[in-house]
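# Residue-level structure breakdown
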Amino acid sequence: MILTDKQILEEIEKGTILIEPFKRSSLGTNSYDVHLGRYLATYRNEVLDARQHNEIDVFEIPEEGFVLQPNTLYLGVTLEYTETHAHVPFLEGKSSVGRLGIDIHATAGKGDVGFCNTWTLEISVTQQVRVYHGMPIGQLIYFEVKGGIENYYNSKSNAKYNNRTTKPVESMMWRNEW
């Protein structure tokens, strides 16, 4: 079941959901709008290797915005830092953003119970689009969890994305054991 606006507010009050900064105007009927943070990044190499550390170049979005180019993967970050201690958060693009030809995630739209961080966005576009720091970029939807949890994300020893950041984080696939 998806939490409604009233339920999201109740969970914030209980401390099981944290959104910083929180703006009441960003609360939808059953979601919370998140905004594009100050930084974007691109990979340094044209060919990425899943077994290697692929480094990124991080840059600040200027006040006049930044024009995203097709055929380039941009890593972005949400302005909001979130914590989810009792629900499964899903990040989806806003329809207005999609209608500009912007995809905000390639595959990683689901968070885990215990995820505490900003959200790295995997941004691609179908045509050139100018984006701005602070613009609405996506929405968080919270699902109830049935049953107890043994292994919260923020307490897993092998969790790769636990370090709090305001900048995009590159793939840590190379840290997986395989």
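Residues numbered from 1 in each chain as written. Predicted model: local features only at pLDDT ≥ 70, side-chain atom pairs only at ≥ 80, totals over all residues. Heavy atoms only, no water.

## Concerning the overall build of the protein
Along its length, the protein carries two helices and twelve strands. Reading the protein from its N end, one meets helices and strands in the order α-β-β-β-β-β-β-β-α-β-β-β-β-β. The globule rule puts the C-alpha radius of gyration for 178 residues at 16 Å, and the 16 Å found for the protein is close to it. Considering only C-alpha atoms, the protein reaches an extent of 45 × 40 × 25 Å along its principal axes. Taken across its 178 residues, the protein has 40% of its residues classed as buried. (Helix = DSSP H or I, 4+ residues; strand = E, 2+ residues; numbered from the N terminus. Rg over C-alpha atoms; globule rule 2.2 N^0.38 Å. Buried < 20%, exposed > 50% of the residue type's maximum accessible area, 1.4 Å probe, protein only.)

## Some points on a nonpolar patch on the surface
A contiguous nonpolar surface patch, about 200 Å² in accessible area, is contributed by V145, I149 and Y152. Structurally, the position occupied by I149 is in the segment after strand 12 (136–144). (Patch = residues over 30% accessible without salt bridge, like charges linked within 9 Å, V, L, I, M, F, W, Y side chains within 5 Å. Areas by Shrake-Rupley, 256 points an atom, 1.4 Å probe, with all protein chains shown as cover. Salt bridge = Lys/Arg side-chain N within 4 Å of Asp/Glu carboxyl O.)

## What to know about the pattern of salt bridges
Taken as a whole and assessed by the stated rule, the structure comprises six salt bridges. Among the ionic pairs, K94 bridges to D33, the shortest N-O distance being 3.2 Å. Of this pair, K94 sits in the loop between strand 7 (87–93) and helix 2 (95–98) while D33 sits in strand 2 (residues 32–43), placing them 61 residues apart in sequence. Judged by its relative accessible area of 19%, K94 is buried. A relative accessible area of 17% means that D33 is categorised as buried. Residues E60 and R38 are paired through a salt bridge, measuring 3.5 Å at the closest nitrogen-oxygen approach. Of this pair, E60 sits in strand 3 (residues 56–60) while R38 sits in strand 2; the two residues are 22 residues apart in sequence, bridging distant segments of the chain. A residue is classified by how much of its surface remains accessible, and R38, at 29% relative accessible area, is partly exposed. Shared partners join several salt bridges into a network, and the residues in it are R44, E55 and D57.

## What to know about the environment of L100
Within the fold, L100 resides in the loop between helix 2 and strand 8 (102–103). With a relative accessible area of 45%, L100 lands in the partly exposed category. For the pair L100 and R130, spaced 30 residues apart in sequence, the C-alpha to C-alpha distance is 9.7 Å.

## Quick word on the side chain of E122
Turning to its location among the elements, E122 is positioned in strand 10 (residues 120–125). Within the local environment of E122, its side chain forms a polar contact with the backbone nitrogen of A106, the two atoms lying 2.7 Å apart. (Polar contact = N/O pair within 3.5 Å; in protein donor to acceptor, adjacent residues only side chain to side chain.)

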